[in-house]
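Chain residues, written in single-letter form:
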Amino acid sequence: RDCSAMMKYILVTGGVISGIGKGIIASSVGTILKSCGLHVTAIKIDPYINIDAGTFSPYEHGEVFVLDDGGEVDLDLGNYERFLDIRLTKDNNLTTGKIYQSVINKERRGDYLGKTVQVVPHITDAIQEWVVKQATVPVDDDGVEPQVCVIELGGTVGDIESMPFIEAFRQFQFKVKRENFCNIHVSLVPQPSATGEQKTKPTQNSVRELRGLGLSPDLIMCRCSTALENSVKEKISMFCHVEPKQVICVQDVSSIYRVPLLLEDQGVVSYLSRRLNMPIDARPRKMLTKWKEMSDRSDRLLEHCSIALVGKYTKFSDSYASVIKALEHSALAISHKLEVKYIDSACLEPGTLQEEPVKYHEAWPHFCFGVRGTEGKIHAINWARIQKKPFLGVCLGMQLAVCEFARSTLDANSTEFDPDSKHPVVIDMPEHNPGQMGGTMRLGKRRTIFTNDTSVLRKLYGDADYVEERHRHRFEVNPELKSHFEEKGFRFVGQDVEGERMEVIELDDHPYFIGVQYHPEFTSRPIKPSPPYLGLLLAAAGKLQSYLQKEMVDPKWTSQINC
């Protein structure tokens, strides 16, 4: 088989500190290669022992990202999907737990014929087999097999838990041959304020450790606050066994969407095409031109739009990474600069006024700019409904909007928070098993059918009969109470295929009061914003009605606002 036609593997490792930006860099490398006409897929390796990210608190690793097939995965897979505009599956997220589980299951079946099962070769072989198999799974809409697989190894080189993966790739580079495998190492170049001098020692140590484990980086991507000085580049080149052109500067930029452009400007595509013998199209790349236009437009925005994000995990912004991205995509589409105000819902509760009055009085003015935390969310929803402020409730947010509206008419609540409620508005789903936490939710892509022709959300989706969005919930709105709500102008305009689950709510006589049971943020893209979020931003900017009128006259206008 011709070398240029074989699968190309790009391993992205990190040194010095975790959370250095490997996910954005891996996504950006994939983006510039995809812009050259290649089909690119991505795999994220997480060395923790959990089977998946489903049972994590958002304070551990940020949000849990949900895929079409119901996979609960690391938020970096969200970056891959948004940057590359692809659809991944749960096997694109590999964990130590998954590998050990598969090897132990084989051992129990007797697949190893009485051999002693060890980390080398059994675990390392299983890692390589998983990567080779998953790399060939199509992720684009055209169903074509990928040509390049970008693999991000989570954590930091030298961690005990990532050792089997490093060893697996040390072996792997010889199995697939040098022209089909390369390693990008992401490191930190700190600049202490005392001297202002860029320090290379952490990078030298990190690369030395990686080379000691049998992997030699082809590109060293240096994260730094300002552009690398030439003397620093040359020093890294000399001590880390690479040419100066293989030292790439990834300084802080105004938007993460500038990172692919930064890599392209430093010749990363031409280096990878030579190093991996890839047949790359050298003509001007339309996709990157769009990214440049988008980044430039983002920097020039003057009008602001403020959105209050009320939640339980607001102390850590990565807890709502996809929500923030969906809001950013929508703000950019309507040419506004987004300003997000994070509000801990617990701080809005009357109990906080007694216990911590300062927090209470700080939270409410933020909000009125124009079991924990649930009551605070209900207070926020009540305020948005009565004050006629644009509101979007996602998943639990939708359920609590239903609870808030019902409380004024009957003794209603959710069985999630009050199992003894006389009139439960939100109930346990039949398939939910309360005794087991992992993988027991209603997960993945499901169809929602619009039941109302005049629905605002339906119009935002381009007057579609149905939409397919990703779900992640254990509780649902009680369908038996539907008629009581609709009599008072609180309409259920979207339902599941069987007509049993309430998926979308809308309130009459309100600028924008919408709740969705699904998570529309997971399918939002920089150039294709999610309609519920776009509606929220349009309503907040006072442009919703004019947008809907133009949309009715010319349905193509939806796609034109992003160009």
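Details of the structure are given in the entry above.
About the thresholds
- Sequence order as written defines the numbering, with residues in each chain counted from 1.
- Per-residue local features of the predicted model are confined to residues with pLDDT of at least 70, and side-chain atom pairs are confined, for both listing and counting, to 80 or more; whole-chain, interface and lining totals are unaffected and use all residues.
- For the side-chain quantities, the full set of heavy atoms in the structure was used; hydrogens and water were omitted.
- Runs of E in the DSSP output that reach at least two residues are strands. Runs of H or I that reach at least four are helices, and both are numbered from the N terminus.
- Throughout this description, a polar contact denotes any pair of N or O atoms lying within 3.5 Å of each other; where both atoms belong to protein, one of them has to be capable of donating a hydrogen while the other can accept it, and for residues adjacent in sequence the pair is counted only when both atoms sit in side chains.
- Contacts are assigned to residue pairs that have any heavy atoms within 4.5 Å of one another.
- Fitted lines through C-alpha atoms serve as axes, helices being fitted only where they are in contact, and the angles separating the N-to-C directions of these axes extend from 0 to 180 degrees.
- In what follows, roughly perpendicular refers to angles from 65 to 115 degrees, roughly parallel to angles under 35, roughly antiparallel to angles over 145, and oblique to any angle outside these ranges.
- Take the far helix as your reference; a near helix turned counterclockwise from it by less than a right angle gives a left-handed crossing, and one turned clockwise gives a right-handed crossing.
- Under the scheme applied here, ten amino acids are nonpolar (Ala, Val, Leu, Ile, Met, Phe, Trp, Tyr, Cys and Pro), four are charged (Asp, Glu, Lys and Arg), and all others, including Gly, are polar.
- By definition here, a helix of n residues has an expected span of 1.5 Å times n minus one.
- Any two strands between which DSSP finds at least two bridges are classified as paired.
- Exposed residues in this analysis have more than 50% of their type's maximum accessible area, buried residues have under 20%, and partly exposed residues fall in between, with area computed by a 1.4 Å probe over protein chains only.
- Aromatic rings from Phe, Tyr and Trp, taking only the six-membered ring of Trp, are treated as a pair when their centres fall within 6.5 Å; an angle between ring planes under 30 degrees marks them as stacked, one over 60 as edge-to-face, and anything in between as tilted.
- Geometrically, a charge over a ring is one whose NZ (Lys) or CZ (Arg) sits within 6 Å of the ring centre while staying within 35 degrees of the ring normal.
- Each salt bridge in this description consists of a side-chain nitrogen of Lys or Arg and a carboxyl oxygen of Asp or Glu lying within 4 Å of one another.
- With the strands pointing away from the viewer, any crossover whose connection runs clockwise from the first strand over the helix to the second is right-handed.

Novice: Just checking my understanding: could you explain the side chain of glutamate 503 for this structure?
Specialist: Relative to the helices and strands, glutamate 503 is located in strand S19 (residues 502-507). A polar side-chain atom of glutamate 503 sits 2.7 Å from a polar atom in the side chain of histidine 471. When near neighbours in sequence (up to four residues on either side) are disregarded, glutamate 503 contacts Met398, Arg442, Thr448, His471, Gly494, Gln495, Asp496, Gly515, Val516, Gln517 and Tyr518.

Novice: How should the packing of helix H5 (residues 119-135) against helix H6 (residues 163-175) be read in this particular structure?
Specialist: The description of two packed helices rests on the angle between their axes and on the distance between the axes. Where H5 contacts H6, the two axes come as close as 9 Å, and the packing angle between them is 65 degrees. If you check the angle between H5 and H6, you find them roughly perpendicular. The crossing of H5 and H6 is right-handed. Every residue of H6 that contacts H5 at Val119, Val120, Ile123, Thr124, Asp125, Ile127, Gln128, Val131 and Val132 is listed here: Pro164, Phe165, Glu167, Ala168, Phe169, Gln171, Phe172 and Lys175. Looking at the contact of H5 with H6, its residues break down into eleven nonpolar, three polar and three charged.

Novice: What am I meant to see in H5 here?
Specialist: Residues lying three or four places apart along an α-helix face the same way, a consequence of the helix completing one turn every 3.6 residues. Taking 1.5 Å per residue as the helical rise, H5 with its 17 residues ought to reach 24 Å, and the 23 Å between its terminal C-alpha atoms agrees with that figure. Elements that come into contact with the buried residues of H5 comprise strand S1 (8-14), strand S2 (40-46), strand S5 (93-95), helix H4 (96-109), strand S6 (148-153) and H6.

Novice: Hey, could you run me through the sheet that holds S2 in this one?
Specialist: Strands belonging to one sheet form pairs held by backbone hydrogen bonds; the direction of such a pair is parallel or antiparallel. If you walk across this open sheet you meet the seven strands as S5-S2-S6-S1-S7-S8-S9, and the pairing is parallel. In this open sheet, the two strands that pair with only one neighbour each are S5 and strand S9 (247-251). Shown here is a sheet whose adjacent strand axes are inclined to one another by a mean of 20 degrees, direction ignored. Lying on the sheet, helix H3 (residues 76-84) is in contact with S2, S5 and S6; it crosses S2 at an angle near 170 degrees. Its contacts with the sheet place helix H7 (residues 201-212) against S1, strand S7 (181-188) and strand S8 (219-224), and it is angled at close to 150 degrees to S7.

Novice: Mind showing me how you'd approach helix H1 (residues 22-34) here?
Specialist: When the terminal C-alpha atoms of H1 are compared, their 18 Å separation across 13 residues agrees well with the 18 Å that a helix rising 1.5 Å per residue should span. Along H1, 13 of the 13 residues are buried, which leaves the element largely enclosed by surrounding structure.

Novice: What's the story with the packing of aromatic side chains in this structure? I'm lost.
Specialist: Note on aromatic pairs: each is described by the distance of the centres and the angle between the planes. On inspection of all chains with the given rule, the structure shows 16 aromatic pairs. Each residue in the set Tyr9, Phe169, Phe172 and Phe181 is aromatic and connected to the rest through ring pairs, giving one cluster. For arginine 447, the ring lying beneath its charged end belongs to tyrosine 466, and the centroid distance is 3.7 Å.

Novice: Even after reading the chapter, I still don't get the pattern of salt bridges, so can you show me in this structure?
Specialist: By the definition in use, this model includes 33 salt bridges. Of the charged contacts in the structure, one is a salt bridge between arginine 458 and aspartate 453, with a shortest N-O distance of 3.0 Å. For arginine 458, a relative accessible area of 8% puts it in the buried group. One salt bridge connects aspartate 463 with arginine 458, and the closest N-O pair in it is separated by 3.9 Å. Taking relative accessible area as the criterion, aspartate 463 reaches 47% and is therefore assigned partly exposed. What emerges from the salt-bridge pattern is a single network uniting Asp68, Glu81, Asp85, Arg87, Arg470, Arg525 and Lys528.

Novice: Can you walk me through the pairing of strand S11 (residues 337-344) in this structure?
Specialist: The side chains of a regular strand alternate between both faces of the sheet. Bridge analysis of strand S10 (residues 304-311) against S11 gives eight bridges, and the strand direction is parallel. Each bridged residue has a counterpart across the sheet, and for alanine 308 the counterpart in S11 is lysine 341. Each parallel crossover has a hand, and for S10 linked through helix H12 (residues 321-333) to S11 it is right-handed.

Novice: Mind showing me how you'd approach unusual backbone geometry here?
Specialist: Most peptide bonds are trans, and most residues other than glycine sit at a negative phi. Omega for the bond connecting valine 120 with proline 121 falls within 30 degrees of zero, at 15 degrees, which places this linkage in the cis form. Here proline 121 lies in helix H5. In this structure, serine 335 is a non-glycine residue whose phi angle is positive, near 60 degrees. Position of serine 335 relative to the elements: it lies in the loop between H12 and S11. Its identity as a non-glycine residue notwithstanding, aspartate 509 has a phi of 55 degrees, on the positive side. Within the element layout of this structure, aspartate 509 appears in the loop between S19 and strand S20 (513-516). Residue class for aspartate 509 comes out exposed when judged on its relative accessible area of 69%.

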